[in-house]
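# Structure assessment
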Amino acid sequence: MKRFLMYLFTLLLICQMSAQTLTLDSCQSKARKNYPLLKQYGLIEKTAEYNLANAGKGYLPQFNLSARATYQSEVTKLPITLPGVTIPELSQDQYQATLELSQLIWDGGVIQAQKKGIKASADAEKQKLEVDLYALKDRVNQLYFGIMLINEQLRLNGILQDELARNYERISALKTNGIVGQSDVDAIKVEQINAVQKETELLSTRTSFLQMLSAFTGMEITENTVLDKPVMETVNANSEVKRPELLYLNAQNEVLESQKDLIKAGNLPKIGAFIQGGYGKPGLNMLSNELSPFYIGGLRLSWNLSGFYTQKTNLQKIDIGKKSIDIQKETFLFNNSLFSKQQLNEIEKLKTTIGNDDEIIRLRNNIKKSTEAKLQNGTATVNDLLRDINAETMAQQTKLLHEIQLYLTVYQFKNNINN
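Reading guide: rules and limits
Residues numbered from 1 in each chain as written. Predicted model: local features only at pLDDT ≥ 70, side-chain atom pairs only at ≥ 80, totals over all residues. Heavy atoms only, no water. pLDDT = per-residue confidence, 0-100. Helix = DSSP H or I, 4+ residues; strand = E, 2+ residues; numbered from the N terminus. Contact = heavy atoms within 4.5 Å. Patch = residues over 30% accessible without salt bridge, like charges linked within 9 Å, V, L, I, M, F, W, Y side chains within 5 Å. Areas by Shrake-Rupley, 256 points an atom, 1.4 Å probe, with all protein chains shown as cover. Salt bridge = Lys/Arg side-chain N within 4 Å of Asp/Glu carboxyl O. Buried < 20%, exposed > 50% of the residue type's maximum accessible area, 1.4 Å probe, protein only. Core = buried A, V, L, I, M, F, W, Y, C linked by side-chain atoms within 4.5 Å. Phe/Tyr/Trp six-rings, centres within 6.5 Å; stacked < 30°, edge-to-face > 60°. Lys NZ or Arg CZ within 6 Å of the ring centre and 35° of its normal. Pairing = 2+ DSSP bridges. Axes fitted to C-alpha atoms, helices over the stretch in contact; angles between N-to-C directions. Parallel < 35°, antiparallel > 145°, perpendicular 65-115°, else oblique. Left-handed = near helix turned anticlockwise from the far one by under 90°. Nonpolar A, V, L, I, M, F, W, Y, C, P; charged D, E, K, R; others polar. Arc of directions from axis to C-beta.

### As for the confidence of the model for the chain
- The share of residues in the chain with pLDDT of 70 or more is 94%, and the mean pLDDT across the chain is 86.
- Mean pLDDT per element in the chain: helix α1 (residues 2-18) is the minimum at 46, and helix α6 (residues 244-266) is the maximum at 92.
- Long-range and interchain partners of residues 1-5, a stretch whose pLDDT sits below 50, account for 0 contacts in this model, where long-range means more than four residues apart.
- This stretch, residues 7-18, has a pLDDT under 50; its non-local contacts, to residues over four places away or in other chains, come to 0 contacts.

### A few points about a nonpolar patch on the surface
- On the surface, a cluster of nonpolar side chains totalling about 520 Å² of accessible area is made up of Phe 63, Leu 65, Leu 99, Leu 101 and Ile 275.
- In this structure, Leu 65 sits in strand β2 (residues 62-71).
- Exposure remark for Leu 65: the relative accessible area of 66% places this residue in the exposed category.

### Notes on the nonpolar core
- Within the largest apolar cluster, 40 residues are counted, with the highest numbers of intra-cluster contacts made by Tyr 144, Phe 145 and Leu 213.
- Secondary structure elements with two or more residues in this core: α2 (24-34), α3 (40-56), α4 (110-176), α5 (182-217), α7 (308-377) and α8 (382-417).
- Per-element tally for this core: the top contributor is α4, with 13 residues.
- Those residues in contact with Phe 145 that lie beyond four places of it in its chain are Leu 24, Pro 230, Ile 404, Tyr 407, Leu 408 and Tyr 411.

### Looking at the packing of aromatic side chains
- All told, the structure shown has 3 aromatic pairs when counted by the stated rule.
- Their ring planes at 85° and their centres at 5.9 Å tell us that Tyr 144 and Phe 145 sit as a pair that is edge-to-face.
- A residue is classified by how much of its surface remains accessible, and Tyr 144, at 0% relative accessible area, is buried.
- Lying over the aromatic face of Tyr 168, Lys 189 brings its terminal NZ or CZ to 5.5 Å of the ring centre.
- For the cation-ring pair, Arg 300 lies above Phe 274, with the distance from its terminal atom to the ring centre recorded as 4.3 Å.

### Comments concerning unusual backbone geometry
- Omega for the bond connecting Lys 281 with Pro 282 falls within 30 degrees of zero, at 0°, which places this linkage in the cis form.
- With respect to the helices and strands, Pro 282 occurs in the loop between β5 (270-281) and β6 (292-302).

### Considering the pairing of β5
- With 11 bridges connecting them, strand β3 (residues 93-106) and β5 associate as antiparallel partners. Bridge pairing in β5 links Ser 102 to Phe 274.
- The pairing of β5 with β6 spans 11 bridges and is antiparallel. Note on β6: the bridge partner recorded for Gln 276 is Ile 296.

### Regarding the pairing of β3
- With 10 bridges connecting them, β2 and β3 associate as antiparallel partners. Residue Asn 64 lies in a different strand from β3, and its bridge partner there is Glu 100.

### A look at the packing of α4 against α7
- For the pair α4 and α7, the least separation of the axes is 11 Å and the interaxial angle reads 20°. One finds that α4 runs roughly parallel with respect to α7. The handedness of the crossing between α4 and α7 comes out as left-handed. Contacts between α4 and α7 involve Glu 163, Arg 166, Asn 167, Arg 170, Ile 171 and Leu 174 from the former and Lys 368, Glu 372, Leu 375 and Gln 376 from the latter.
- Class assignment for the residues of the contact of α4 with α7 results in 3 nonpolar, 2 polar and 5 charged.

### As for α2
- Within α2, burial applies to Leu 24, Cys 27, Gln 28 and Ala 31. Here the buried residues of α2 occupy an arc of 100° about the axis, which is enough to place them on one side. When the buried face of α2 is taken as reference, the exposed residues oriented beyond 90 degrees from it are Asp 25 and Lys 33.

### Quick word on the pattern of salt bridges
- Applying the stated rule across the entire model yields 20 salt bridges.
- Its salt-bridge partner being Glu 49, residue Lys 46 comes within 3.9 Å of it at the nearest N-O pair. With a gap of 3 residues between them, Lys 46 and Glu 49 both fall in helix α3, about one helical turn apart.
- Residues Glu 100 and Arg 300 are paired through a salt bridge, measuring 3.5 Å at the closest nitrogen-oxygen approach. Here Glu 100 is found in strand β3, whereas its partner Arg 300 is found in strand β6, with 200 residues between them in sequence.
- Accessibility expressed as a relative area gives 38% for Arg 300, which makes it partly exposed.
- Shared partners join several salt bridges into a network, and the residues in it are Glu 163, Arg 166, Lys 368, Glu 372 and Glu 392.

### Section: the packing of α5 against α8
- With their axes 9 Å apart at the nearest point, α5 and α8 run at an angle of 20° to one another. Regarding the angle of α5 to α8, the classification is roughly parallel. The interaxial crossing formed by α5 with α8 has right-handed handedness. Facing α5, whose interface residues are Asp 184, Ala 187, Ile 188 and Glu 191, α8 presents Val 382, Asn 383, Leu 386 and Asn 390.

Structure (structure tokens):
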């Protein structure tokens with residue numbers, strides 16, 4: 001006997017050690033890391049890195065190679081004649097090849113504005129990705145608390161089956177004594193079968209939920225996995241909203257600000273240095289009809305003033321875009337506040353309801369016990385007992401549902417404000 005007890009204790013200990021325990025936070029973290037969309041982060045960063053590198057290359061020396069061959073219907077001639085002197089004429093076919101090296105000295109801040117815009121756009125894309133990833137939290141919450149509810153329903157179902165088995169033995173004994181008939185025994189048996197069917201349905205639903213949670217987290221989660229019951233955290237109606245949607249709207253504002261800088265910089269003058277070397281017929285000496293090398297160097301200033309025609313209206317369009325973003329932010333906060341108030345009211349209602357559930361369960365249990373005693377004395381029927389057993393079970397399941405709803409609503413409130 002001692003050896004059997006030791007074996008049983010060791011087996012239970014091994015099972016307990018091998019059972020995986022999960023928390024809601026770990027599921028949230030795993031789901032985020034496992035979600036395929038997270039890979040987009042690396043692509044956004046790489047794209048921004050390449051774009052910044054390309055923008056920075058605007059400061060590098062620029063080379064331009066050009067060549068041309070032309071035939072002209074007329075060439076330059078000297079309008080003089082000298083006795084005994086033949087003045088050479090330029091050929092009507094002319095050739096020229098040049099290589100120019102230019103170096104930007106000042107671009108009015110265009111490249112700097114481009115880099116600012118690239119960084120702002122990358123940040124906005126990341127925040128948009130964060131918004132999409134944030135939706136995972138609610139989906140994981142639904143699955144996690146759904147599994148917890150099913151586990152509790154299975155536990156209650158096991159208690160119900162034990163109670164029905166106990167009453168089946170009692171009613172069978174009463175039938176033997178001639179107090180009740182076969183139909184009463186059959187009525188208990190029907191309820192036992194119903195309880196087994198309900199257990200089968202719950203197990204099937206739990207398997208589906210476990211498979212979905214496993215797919216989200218990338219972990220192997222089975223019916224042996226223990227889901228840790230989260231702490232019922234207090235809620236604060238005045239908590240600051242820290243949703244990623246607000247950061248995304250702020251990032252969009254930064255993108256628009258960078259566009260304003262780019263417009264202003266694009267309308268400023270540009271200064272650069274250049275040196276050009278070439279080989280042509282003619283060269284810089286337009287009176288020479290021979291192929292000759294040449295070079296020229298200096299500073300170049302360019303200023304496209306036509307950009308000022310549209311600068312004001314373009315900046316006004318950007319300001320309209322920023323006002324639109326402000327309206328979106330205001331609308332989001334308004335709707336978020338309404339939803340938070342609904343959740344706070346639901347939390348208070350559920351707390352009150354759970355208190356009433358405890359009293360209902362206590363009274364239902366008393367009624368059931370009284371019916372059991374009456375059945376033993378022949379003043380109540382089996383159907384009366386089954387009705388009271390089902391009523392007590394329903395009251396217990398209703399309380400479980402309210403408790404899980406309270407957990408889910410509290411965490412939905414936390415998720416709604418991201419605090």
